[in-house]
Amino acid sequence: MKQIFKNCYAFDDINISRKPIYVSDGLIVEAFKEDEANEIIDCKNLVLVPSFVDMHVHFRDPGFTYKEDLETGSHSALAGGYTSVLLMGNTKPTVSSPEIYNDIIKRAKDLDLIDIEQVYTITENFDGKTLDHLDSMPESVKYISDDGHGVNDDMVMYKAMEKAKELGVIMTLHEEVDEVSDLDYEIAEDAMTLRDCYYAYKLNCPAHFSHVSTKGSITAIKYFKDLGAPITCEVTPHHLLLADKGREEVKVNPPIRKENDRKTLIGMIKNGTVDAISTDHAPHSKEDKEKGAPGFIGIETAFSTCYEVLVKSGEISLNDLIKIMATNPARLLGLNKGKIKSGYEADFTLIDLDESYIYKEEDIKSKSKNSLLIDQELFGKVKRVYRKGVLKYADNR
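This report concerns the structure included in the present document. (Residues numbered from 1 in each chain as written. Predicted model: local features only at pLDDT ≥ 70, side-chain atom pairs only at ≥ 80, totals over all residues. Heavy atoms only, no water.)

## Some words on empty space enclosed by the protein
Over the atoms rolls a probe the size of a water molecule, and in doing so it shows where empty space is left.
Here is step 1: Under the counting rule described, the total for this entry stands at four cavities of 30 Å³ or more.
Here is step 2: In this structure, the second largest cavity occupies an estimated 120 Å³ of space.
Here is step 3: The biggest single contributor to the lining of the second largest cavity is helix α7 (residues 237-241), with three residues.
Here is step 4: Residue composition of the lining of the second largest cavity, grouped by class: seven nonpolar, six polar and no charged. (1 Å grid on protein atoms, 1.4 Å probe; cavity = no way out; pocket = protein on both sides within 12 Å on 5 of 7 lines; lining within 4 Å. Points joined across faces, edges and corners; volume = space filled by probe spheres on them. Helix = DSSP H or I, 4+ residues; strand = E, 2+ residues; numbered from the N terminus. Nonpolar A, V, L, I, M, F, W, Y, C, P; charged D, E, K, R; others polar.)

## Concerning the packing of helix α10 (residues 302-312) against helix α11 (residues 318-332)
Here is step 1: Running from N to C, α10 and α11 point in directions that differ by 140°, and their axes come no closer than 10 Å. In terms of axis orientation, α10 runs oblique to α11. In the crossing of α10 with α11, the sense of the turn from one axis to the other is right-handed. Taking contact as the criterion, the partners of A302, F303, C306, Y307, L310 and V311 in α10 are, on α11, L318, L321, I322 and M325. (Axes fitted to C-alpha atoms, helices over the stretch in contact; angles between N-to-C directions. Parallel < 35°, antiparallel > 145°, perpendicular 65-115°, else oblique. Left-handed = near helix turned anticlockwise from the far one by under 90°. Contact = heavy atoms within 4.5 Å.)

## What about the environment of K109?
Here is step 1: If you trace the backbone, K109 turns up in helix α2 (residues 98-111).
Here is step 2: Taking the C-alpha atoms as reference, K109 lies 24 Å from L134; in sequence the two are 25 residues apart.

## Looking at helix α1 (residues 70-79)
Here is step 1: The buried count for α1 comes to eight of ten residues, which makes it a mostly enclosed element.
Here is step 2: L70, T72, G73, S74, S76, A77, L78 and A79 are the residues of α1 that are buried.
Here is step 3: Its buried side turned inward, α1 meets β9 (82-87), α2, β10 (115-118), β17 (377-387) and β18 (390-394).
Here is step 4: The residue sitting at the N-terminus of α1 and contributing the capping side-chain oxygen is D69; that oxygen lies 3.0 Å from the backbone nitrogen of E71. (Buried < 20%, exposed > 50% of the residue type's maximum accessible area, 1.4 Å probe, protein only. Polar contact = N/O pair within 3.5 Å; in protein donor to acceptor, adjacent residues only side chain to side chain.)

## A short note on the nonpolar core
Here is step 1: Among the nonpolar cores identified, the biggest contains 80 residues, and I144, M161, F303, L310 and L321 are the most heavily contacted of them.
Here is step 2: Top contributing element to this core by residue count: α10, with seven residues.
Here is step 3: I41, L48, Y344 and L350 belong to the second largest nonpolar core, which has 16 residues in total. (Core = buried A, V, L, I, M, F, W, Y, C linked by side-chain atoms within 4.5 Å.)

## With respect to the layout of surface pockets
Here is step 1: The volume enclosed by the largest pocket comes to roughly 430 Å³.
Here is step 2: Lining the largest pocket are 22 residues, with H58, R60, N90, G148 and P294 sitting closest to its centre.
Here is step 3: Looking at the lining of the largest pocket residue by residue, the class counts come to five nonpolar, eleven polar and six charged.
Here is step 4: Considered as a void within the structure, the second largest pocket measures approximately 280 Å³ in volume.
Here is step 5: What lines the second largest pocket is a set of 17 residues, among which I105, K109, D115, I116 and E117 lie closest to the centre.
Here is step 6: Put simply, the parts of the chain that give the lining of the second largest pocket at least two residues each are α2 and β10.
Here is step 7: Here the lining of the second largest pocket is built from residues that sort into six nonpolar, three polar and eight charged.

What follows is the structure, given as structure tokens:
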């Protein structure tokens, strides 16, 4: 199957220019004659970028499928322009056994909607101390995480980093000292981030810091990065968008921070400290939110949010936004995508940058509707999404 994507403005890792993109059997290739094409796709007035990659997502499957499942989560991801996600392991049961892990991976492949990677838990069933289950971990696991919890015991974390390095997997870390968080969630995040940056530096263990939200934490990460520590980090769209909101107003972990924290995160995006933007897509039922469940959905609106906060505001270029939403996270997950370059998979998201839209509850693809942005006007509409050259999503509104 040979395809030509014509009349689009295409991102090529350096700039955005008008040029055709050639695809053969799901891979980007060098140019071929137009009469050899089986399909010519007109992308007039649209920007073609590598499909987005989300390193931090909750699809709630198994165990909480009344909130989300692999299928509805995948459709939600596609609507946001994503073709790859990394799922967290706080399911029921947790992803602490080969049986649960393999079942998720098999069902995701059978759906054939997006590419799904699944973390394995750092400690067995999030007990905060047991690491023996890692010895039977499937070889295909790339990341381990106790997301939703920090590993509070210093010695357990030390041994976990040694184990991760031995097994060749990367830790993706939720940083929170549990006993401190009720008193001061800022200190709770900063203190554990400092510990784990230091451990990663001294043990030369790769670590990825999830949903970094404070000036102290991101400054510590930059410091240890500059020392040569093998660490990376992500920030979320909602921590870039919002500031000075109390936890009773916006219930999310980590909480919405102060304006100085928000501005510091943006500054760290501009200087290259931040490697990725991840959504922490957290579906909940209406009843669970009313009971105080933290988090909200965000994968469908992530691009529009970041486009307005970072690009339309003049903070960074569209090129730089694509790098931290697609190119960098694809590289961190070891995926052959994230660039419009010969040999890479033809995972494309086509966007109308000039189109504004009202984000309506009835248009949400997620099973959950707990978005902060319902009925708000957003800019930058995802129009079509291709995975390996196959159309997986089309906006028909």
